[in-house]
Amino acid sequence: MAVDSILSSPLGPPACEKDAKALQFIEEMTRNADAVQERVLAEILSRNAETEWLQRFKLGGATDRETFKAKLPVITYEDVQPEIQRIANGDRSPILSAYPISEFLTSSGTSAGERKLMPTIKEELDRRQLLYSLLMPVMNLYVPGLDKGKGLYFLFVKSETKTPGGLVARPVLTSYYKSDHFKTRPYDPYNVYTSPNEAILCPDSFQSMYTQMLCGLIERNQVLRLGAVFASGLLRAIRFLQLNWPKLAHDIETGTFNSKITDPALKGHMKNVLKPDPELASFMTQECSKENWEGIITRIWPNTKYLDVIVTGAMAQYIPTLNYYSGGLPMACTMYASSECYFGLNLNPMCTPSEVSYTIMPNMAYFEFLPHDSAGSIHDSSSRLVDLADVEVGKEYELVITTYAGLYRYRVGDILRVTGFHNSAPQFHFVRRKNVLLSIDSDKTDESELQRAVENASKLLAQFNTSVVEYTSYADTKTIPGHYVIYWELLTKDSSNPLSHDALNRCCLEMEESLNSVYRQGRVADHSIGPLEIRVVKSGTFEELMDYAISRGASINQYKVPRCVNFTPIMELLDSRVVSAHFSQDLPHWTPERRR
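Residues numbered from 1 in each chain as written. Predicted model: local features only at pLDDT ≥ 70, side-chain atom pairs only at ≥ 80, totals over all residues. Heavy atoms only, no water.

Caption draft 1: View of the sheet that holds strand β20 (residues 483-492). Spatially, the four strands line up as an open sheet ordered β19-β20-β21-β22, and their pairing is mixed. Edge positions in the open sheet fall to β19 (466-476) and β22 (578-583), since each of these has one partner strand only. Between one strand axis and the next, the sheet turns by 25° as a mean value, whatever way the strands run. Sheet analysis places strand β21 (residues 533-537) next to β22, joined by five bridges and oriented antiparallel. For arginine 535, the partnering residue across the bridge sits in β22 and is alanine 581. Packed on one face of the sheet, helix α16 (residues 447-458) meets β19 and β20 and runs near 135° to β19. (Pairing = 2+ DSSP bridges. Helix = DSSP H or I, 4+ residues; strand = E, 2+ residues; numbered from the N terminus. Axes fitted to C-alpha atoms, helices over the stretch in contact; angles between N-to-C directions. Contact = heavy atoms within 4.5 Å.)

In structure tokens form, the structure reads like this:
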């Protein structure tokens, strides 16, 4: 259908009639943001009026904002954890939601070292699917012709477990990929993947990655966009290609499937796809055997128009490496979501990563915002919370949500800055996760966790009469996968009993054992995080660090050693003082079962 015959949108001329409806929906939601929010809150409160949580705070069936704000407290996960645990243990009474909790979505944040459990209900899948359906209509405004090819997306399911009461607990994307919404999705020429469902749903990460990469290579000239959920995932795929291209080239040349791939569904699918192609195998060998992998993405997939990856927040650290491998392709961050709730989308997906702003869709949940002051502290007074339509450009807020699935005035922990409005809906730049110090993939390690890990590891030094004087850290993303680097300055009180190299290697493992379950899963199951490294620095290094900070204007009275560093001159100073480097030699303990 000709574009000019379709109802136009203020966002731009839609690519097809289906897109026109999606863009019109975005306009309606954002034009009436406050009214939509009022309706959403009333729906949530009326349907859940008989729940234990709302009755506890004596809401009395009220659905208006004033009563809601006066009676319900602003909460964190720890406040609602006892109720969540009761549901996990099998209590089916209406505790948080009048609708049955269908499963738990595991958050990448942790509580007491374990993944948080976020309750969800079946209809939330419809809400998430609705947001997904808006992404390509927006992208089509900026990148024409995406219906003429395919997307090479590296998508994976992660391990899941069951709670004592029998409910499944799994990451939100695993839930989505295993749902009929994804598995039986209708054909859309603008949204076709090279990866078959069989590969995406294969629980073995090696077999899944191998098959997805092989399919992407076979259809390399069809690929118009490359993606993964996070930037780290796409880089892991490139590293996989570096390590496995000879096997992949052999399969392509001979038309046979690697014997390591044992999954029957994968073998059944590839039997119809894999045919001998010596020319492609020769091309791959020629490109992949070169020492220089700069621009490898566009060399192998020459028609790629953009990368579809999240490069905001902690993922921004991967931008230089992605630029190197892609030859500077645009990076599109299309949506903003979490385990608790899907929030919104980027209406200008081809902007530079530093300018990414997400437009909150007011139909997804009820949103409030806790003001953040210039010093970076958050005002806890619930009376200061601001509604979606009332936030101010330039100010920072912590996101607070009330969801259909039974979270009420819940602090998500994301710090957002308002950059503008689309109609009456605000647009936000993701600033950071609150209190996160180190992150490589979906892991989030805060200062107290790092402190505890250092304390536990340093106990191993006692037999050598050695202690940790000072420490700092950074997330090294130059390696693939990235890994944590911890700088230690040591004090040895007995030179006749020198500290052994092996003891420091054991300290690395002890630190990993002390970190949260999301970190350990990344190390053990997902292979998305490399072995932790301890770099021992010369005595007096941290005094030099303080002198440097003071020379740049820091107050000597208020100076504190930063527990995480990313300023290049400081890292160069630290690295120039390293006397030895040590790595975790084994994997930390991790199993998918939740601790009872």
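Caption draft 2: Here's a closer look at unusual backbone geometry. Geometrically, the link from isoleucine 480 to proline 481 is a cis peptide bond, its omega value of -5° lying close to zero. Looking at the secondary structure, you find proline 481 in the loop between β19 and β20. Located in the positive-phi region is asparagine 423, a residue other than glycine, with phi close to 55°. Relative to the helices and strands, asparagine 423 is located in the loop between β15 (410-422) and β16 (425-433). In this model, asparagine 465 sits at a positive phi of 55°, which is unusual for a non-glycine residue. Relative to the helices and strands, asparagine 465 is located in the loop between α16 and β19. Classification of asparagine 465 by relative accessible area gives partly exposed; the value is 41%. (Buried < 20%, exposed > 50% of the residue type's maximum accessible area, 1.4 Å probe, protein only.)

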